[in-house]
Amino acid sequence: MPTNFTVVPVEDGQSSSPDSDGKHSGGEDEEKPGLYSAGDETPGEDSPFLTISDHERSCDGNNMALFEEEMDSTPMVSALLNKLANYTNLTQGVVDHEKAESEDGVKRVTIKGPQMGTFIGVYLPCMQNILGVILFLRLTWIVGTAGILGSFAIVFMCCACTLLTAISMSAIATNGVVPAGGSYYMISRALGPEFGGAVGLCLYLGTTFAGSMYILGTMEILLMYIVPNGALFADKMDEPASRQNNMRVYGTCCLALMALMVFVGVKYVNKLALVFLSCVILSIMAIYAGVIRTMIDPPEFQVCLLGNRTLKNLDFDKCMKTEVIDNSTHTTKLWELFCDGPYLNASCDPYFTFNNVTEIKAIPGLLSGVISENLWGDYGPSERLIEKNQSSEATQETFEDIKKPYVFSDIATYFTLMVGIYFPSVTGILAGSNRSGDLRDAQRSIPIGTILAIVTTSIIYMSCVVLFGACIEGVVLRDKFGYSLKRTPVIGTLAWPSPWVLVIGSFFSCCGAGLQSLTSAPRLLQAVARDGIVPFLQVFGHSKSNGEPTWALLLTAGICEVGILIGSLDFVAPVLSMFFLMCYLFVNLACAVQTVLRTPNWRPRFKFYHWSLSFLGMSLCLSLMFVSSWFYALVGMLIAGCIYKYIEYRGAEKEWGDGIRGLSLNAARYALIKLEEAPPHTKNWRPQMLVLLTLDSDLVVKHPRLLSFTSQLKVGKGLTIVCSVLQGTFMTRSADAKRSEENVKKSMAAEKTKGFCHVVVCSNLRDGFSNLIQSAGLGGMKHNTVLMAWPSNWRQAEDSSSWKNFIETVRETTAAHQALLVAKNIDRFPSNTERLVEGTIDVWWIVHDGGLLMLLPFLLRQHKVWKKCKMRIFTVAHLDDNSIQMKKDLHMFMYQLRLDAEVEVVEMHASDISAFTYEKTLVMEQRSQMLKQMQLSKTEREREIQSITDESRSSIRRKNRMREPTPNTLEVPGMAAIENEAQMFHERNTKPHDGHQEKHSPTSDHIHMTWTKEKFISERNRHREASPGIRDIFNMKPNQSNVRRMHTAVKLNEVVVNKSQGAHLVLLNMPGPPKNKDGDENYMEFLEVLIEGLDRVLLVRGGGREVITIYS
């Protein structure tokens, strides 16, 4: 039990006095009943039923010294009574509003320690939750309607379902320490946040609707049996409707009172827990005592029959048509109900006239043989008369006959309805696991207590089915509300010593169950909200300073009111059956998945489980869902599915080591192995993207629109790998790599690009991109298409590595048989929020490279950004081609490809090479030749001059030390002048290659050096020899092959710009790089001319295989 300690501030150096010691000890001896214990230390368990603290084991002086050696196994009676007095059926985490304070105002701190054993902590709460309103109000009606055999089948199926679920739950509960959170914690951590949130909310809704069912049961007992005259609505012509209206009004008032009680303080609910439990136990004992009594002296309850029809014994006291008083015949009140008046010559109902009135025993007894009559079911439509299987004079029935004082069924009955109504009676098996934080040894108590409770309640239910059918008359069993027994509950007639024992017991039992539901449901919702997996529920995770979830309580009361407004216990029961069945289904699924996957962490201490039992329980839960109500089953699954997808789309990312993640890994491994067996067929080909990103100096994505274009092209399908390369070594830049990955992932999330991200560190960018092209992906999930941005400023770059890396990437993708997409002006591409209207996507099909050019516009138009754009296909006809026939063939080809596109053939006749083309080619080659002659870069020249300087200075110093200058010594004239001229050579060599002069600032540093005469002369001669080479550049003639290529680029560019300058996107065949690497820079010039004047261009290079087919 929790122990209250009085916190008293003590000054340093102050010694404790005997008074203070006594005060402290007195505070320790005080106990506050009604709160759960959840501490850190777990003492050893002495008994599986009761847990006795050390204080309770201690003997009172020497009075009990004779028994002190047996205290561990046989606790003192006072300790046992104290434990029972402090029994509570509330879930853990319940904090009362009031703070315990001493008389002097000093607050007490509650130190909680887990002190509940199996009996108090698991067995009794499960018993109280399982045995409830359905047993007292509906089980007799189910037995009478479905028959003993049908009812036994229903009970067996439901109990088997809960037993299998309990076995799975025991395995989960014993697989490690179960902290506070109970069943929701176990399921969510075993199945992951998506399933966990869906199951948590289903369990919450089931618990909330259970509160509605218990409140409706409470009101039914109150209005039908305790205060029948308290009904606000009374309409005998439409009794079911008036009864439902009464239930709605009184149920709403009861809900308000219960919610107020929970809000004011749960300690009042807690104090009544033992009372509610006692009512359940006493009621069941009264039933069994009554069954035994029927063998000796059956109770004198009579049922009045007219013919074979059961009569409502409400408005008459004698079951006879006439009676003889003072030798004269008088009519009874029953006569007046069927005749026009109290006179013997009054006209009466024909059925009343031709049939006799008889009385039969309502409870013939266990030995009467009535069990044979109740073996089989008796289903029927709504407002069907409750009749005994005996002969009677049949007459033509009218609507008025039905409204006479007969007992008739209020709803249509069938087997599946009975399943839905009965199943809530076996729920409550999670009550023990919900208190896991309060148990001294949860891993031992939960399996033992839950399975024992299920076995006990199953025996009680099955025995009750047989005993009810063997003791009670069939027409009485089918009388749901006991109208034939003067509004006495049918099960109450069997109770001993009085029906009121069961009426009062069932009333308080239903009250307690309703209060418990209103107490536990808000805290379950609070636990789900505090997990942060359902964003819109976060407001319900807040609570007051005392921990009371006020907002969650208000929502629970609102949902509970919806169930009460249904107005009938028979209609609410199937609703909560769906939610509990779904919860049990996921419990079995969690155990089955963990067992089949053989997760390394799956090591439950409970060994009596098997994956086949879990699958059987899961199948049984699913079957019962659709058997009881296919409509409610579909609605419940739809709700759970919507919650799952919402958490997957908007929920917080949680990693709980769940089994679904392990299942995904196994499924992915299997799929990857299957994919690697054979390459994908042309029909299944889709671009699996490898996106090569560049990062700026802050390690942020330089072109985020490249990610936008990727998401538009993929539309969430296929593989996307986003990569980048950092230059350096991994040991020095590992932190930068991690930060870069985080930045890339943020950009991917912002641009809604789904895929994988990887940043590698390599000694140079070229090798890094080469490694990615070769090794990215895994097994069959490898990329087949590379997407990158066009190096826009390659001409102005001081370093030629940018365009050289680009060309090498083109070569490597070609060698790897991968497609290549190069986007020019990628920053001008539309974002995911834009909507392009009344535009075109133009495809210039120059050469056939597998059909990727036709497939890409189709994929783009699947996205909402490009959806309204039209597709146009252009192809080029030469002088020898028949352009008209080409257009017809292209139309037919597009039709066979099932592509909607406009087709146009552009004629390009052979023409002379223009002077512009010739001059452009000449300028390109001159620039290329000039760059080749400048072999050393600025850094390399500085290093060479610096090394020459160092050698010259060391040589001069050695000579100066060896000898002093004499008149006979040859001196180098003008050494200072030579140094100045050498400095001039250095400045000339280090000027930029583009010919622009750099202005020296006053603070610029010059490299001062001393050269030898020989080095100076050789350097000057080298520059003199280089001058004629530079002069020859301006006298050179262009290569004819380059002129032809430039001519093609210029003419094709003119045609494309003329036709597609206003298009939203232009797709072009990308020519391959030259085989001779000496022409790499010319290749860049050709491409630049080809796409000049176009806004958005996508250069496409196929991977060497067909990617689109005309076949189905």
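Residues numbered from 1 in each chain as written. Predicted model: local features only at pLDDT ≥ 70, side-chain atom pairs only at ≥ 80, totals over all residues. Heavy atoms only, no water.

(A) Spotlight on the overall build of the chain. When its secondary structure is counted, the chain shows 35 helices and 17 strands. In the chain, of all internal contacts separated by at least 6 residues, the share reaching a separation of at least 24 is 83%. For the chain, the accessible surface area stands at approximately 54,000 Å², while carbon and sulfur atoms represent 57% of it. (Helix = DSSP H or I, 4+ residues; strand = E, 2+ residues; numbered from the N terminus. Contact = heavy atoms within 4.5 Å. Areas by Shrake-Rupley, 256 points an atom, 1.4 Å probe, with all protein chains shown as cover.)

(B) Molecular detail of the environment of Phe756. Its place among the elements puts Phe756 in strand E10 (residues 756–762). The exposure class assigned to Phe756 is exposed, which follows from its relative accessible area of 54%. Measuring from C-alpha to C-alpha, the distance between Phe756 and Val722 comes to 6.1 Å, with 34 residues separating the pair along the chain. Residues in contact with Phe756, not counting those within four places in the same chain, are Leu719, Thr720, Ile721, Val722 and Met748. (Buried < 20%, exposed > 50% of the residue type's maximum accessible area, 1.4 Å probe, protein only.)

(C) Expanded view of the confidence of the model for the chain. Per-chain confidence: the chain averages 77 in pLDDT, with 73% of residues scoring 70 or above. pLDDT under 50 marks residues 1–59. Its contacts with residues more than four places away, or in other chains, come to 123 contacts. This model gives residues 92–114 a pLDDT under 50, and the stretch forms 78 contacts once residues within four places in sequence are excluded. (pLDDT = per-residue confidence, 0-100.)

(D) Spatial organisation of the nonpolar core. Grouped together as the largest cluster of nonpolar side chains are 166 residues, with contacts concentrated most on Met213, Tyr422, Phe423, Tyr461, Phe468, Ile472 and Phe586. Those residues in contact with Tyr461, other than ones at most four positions away along the chain, are Ile130, Leu131, Gly132, Leu135, Leu139, Val155, Tyr422, Ser425 and Val426. One finds Leu707, Ile873, Leu1098 and Ile1108 within the second-largest nonpolar core, a separate group that totals 54 residues. (Core = buried A, V, L, I, M, F, W, Y, C linked by side-chain atoms within 4.5 Å.)

(E) Layout of the sheet that holds strand E3 (residues 302–306). Strand order in the open sheet formed by 3 strands is E4-E3-E7, with antiparallel pairing between adjacent strands. Because the sheet does not close on itself, it has two edges, and the strands there are strand E4 (309–310) and strand E7 (357–361). Examined bridge by bridge, E3 and E4 share 2 bridges and lie antiparallel to one another. Along E4, the bridge assignment pairs Leu305 with Thr310. (Pairing = 2+ DSSP bridges.)

(F) Structural view of the pairing of strand E9 (residues 720–727). E9 sits mainly inside the fold: 7 of its 8 residues count as buried. Of the strand pairs in this sheet, E9 and E10 are connected by 7 bridges, and their pairing is parallel. Of the residues in E10, the one forming a bridge with Ile721 is Phe756. Between E9 and its parallel partner E10, the chain crosses via helix H25 (residues 730–750), and the hand of that crossover is right-handed. (Right-handed = clockwise from strand over helix to strand, strands pointing away.)

(G) Broad picture of the packing of aromatic side chains. Here the structure, examined in full by the defined rule, presents 23 aromatic pairs. The interplanar angle of 80° and the centroid separation of 5.7 Å between the aromatic rings of Trp611 and Phe615 together place this pair among those described as edge-to-face. Taken together, the positions of Trp611 and Phe615, both in helix H21 (residues 611–628) and 4 residues apart, correspond to about one turn of that helix. Using a relative accessible area of 40% as the deciding quantity, one classes Trp611 as partly exposed. Relative accessible area serves as the criterion here: at 33%, Phe615 is assigned to the partly exposed category. An aromatic cluster is defined as three or more aromatic residues linked by ring pairs; in this entry it consists of Trp335, Phe338, Tyr351, Phe352 and Tyr406. Across from the ring centre of Tyr483, 4.7 Å away, lies the NZ or CZ of Lys312, which sits over that ring. Sitting above the plane of the Phe352 ring, Lys321 keeps its charged end 4.6 Å from the centroid. (Phe/Tyr/Trp six-rings, centres within 6.5 Å; stacked < 30°, edge-to-face > 60°. Lys NZ or Arg CZ within 6 Å of the ring centre and 35° of its normal.)

(H) Layout of the packing of H21 against helix H22 (residues 630–650). Here H21 crosses H22 at 125°, and the two axes come no closer than 5 Å. With respect to H22, the element H21 is oriented oblique. Of the residues in H22, those touching H21 at Met625, Phe626 and Ser628 are Trp630, Ala633, Leu634 and Met637. (Axes fitted to C-alpha atoms, helices over the stretch in contact; angles between N-to-C directions. Parallel < 35°, antiparallel > 145°, perpendicular 65-115°, else oblique.)

(I) Up close: a nonpolar patch on the surface. A cluster of nonpolar residues, Leu622, Phe626, Trp630, Phe631, Leu634, Val635, Met637 and Ile639, forms a patch on the protein surface that exposes about 720 Å² of accessible area. Broken down by secondary-structure element, the contributors of at least two residues to the nonpolar patch are H21 and H22. A total of 6 residues in the nonpolar patch trace back to one element, the largest contributor, which is H22. As for its placement among the helices and strands, Leu622 is situated in helix H21. (Patch = residues over 30% accessible without salt bridge, like charges linked within 9 Å, V, L, I, M, F, W, Y side chains within 5 Å. Salt bridge = Lys/Arg side-chain N within 4 Å of Asp/Glu carboxyl O.)

(J) Quick peek at the state of the cysteines. Going through the model one piece at a time under the given rule, you end up with 2 disulfides. Here Cys304 connects covalently by a disulfide to Cys319, the sulfurs 1.9 Å from one another. With the S-S bond torsion at 80°, the cross-link from Cys304 to Cys319 turns out right-handed. With Cys304 in strand E3 and Cys319 in the loop between E4 and strand E5 (322–325), this residue pair connects regions lying 15 residues apart in the sequence. (Disulfide = S-S within 2.5 Å.)

(K) Main features of the sheet that holds strand E17 (residues 1097–1101). An order of E10-E9-E8-E11-E12-E17-E16-E13-E14-E15 is seen for the 10 strands of this open sheet, with the pairing classed as mixed. Each of the sheet's edge strands pairs with one partner strand only, and the pair in question is E10 and strand E15 (902–907). Averaged over neighbouring strand pairs, the angle between their axes works out to 20° when direction is ignored. Both strand E8 (residues 689–692) and E9 contribute to a ladder of 4 bridges, which runs parallel. Its bridge partner being in E9, Met689 is matched across the sheet by Thr720. Along the sheet, helix H29 (residues 883–896) makes contact with strand E13 (840–845), strand E14 (870–877) and E15, crossing E15 at roughly 155°.

(L) Local environment of the pairing of E5. Where E5 lies against strand E6 (residues 328–331), 4 bridges are found, and the strand directions are antiparallel. Following the sheet pairing, Thr322 is matched in E6 by Thr331. In textbook terms, the turn of a hairpin is the stretch between consecutive antiparallel strands, and for E5 and E6 this stretch comprises 2 residues, one of which, Asp326, has a positive phi near 55°.

(M) Molecular detail of the side chain of Arg811. When you line up the elements, Arg811 lands in helix H27 (residues 801–815). Among the residues examined, Arg811 registers a relative accessible area of 17% and is labelled buried. Of the polar contacts made by the side chain of Arg811, one reaches the backbone oxygen of Pro1074; its length is 2.7 Å. When residues no more than four places from it in sequence are discounted, the contact partners of Arg811 are Pro1073, Pro1074, Asn1076, Lys1077 and Asp1080. (Polar contact = N/O pair within 3.5 Å; in protein donor to acceptor, adjacent residues only side chain to side chain.)

(N) Inspection of H22 at higher detail. For H22, spanning 21 residues, the distance from its first C-alpha to its last is 30 Å, which sits close to the expected 30 Å at 1.5 Å a residue. Turning to H22, its buried residues number three or more, namely Ala633, Gly636, Ala640, Ile643 and Ile647. Seen end-on, H22 carries its buried residues on one side only, within an arc spanning 100°. Exposed residues on H22 whose side chains face more than 90 degrees from its buried face are Trp630, Leu638 and Tyr649. (Expected span 1.5 Å × (residues − 1). Arc of directions from axis to C-beta.)

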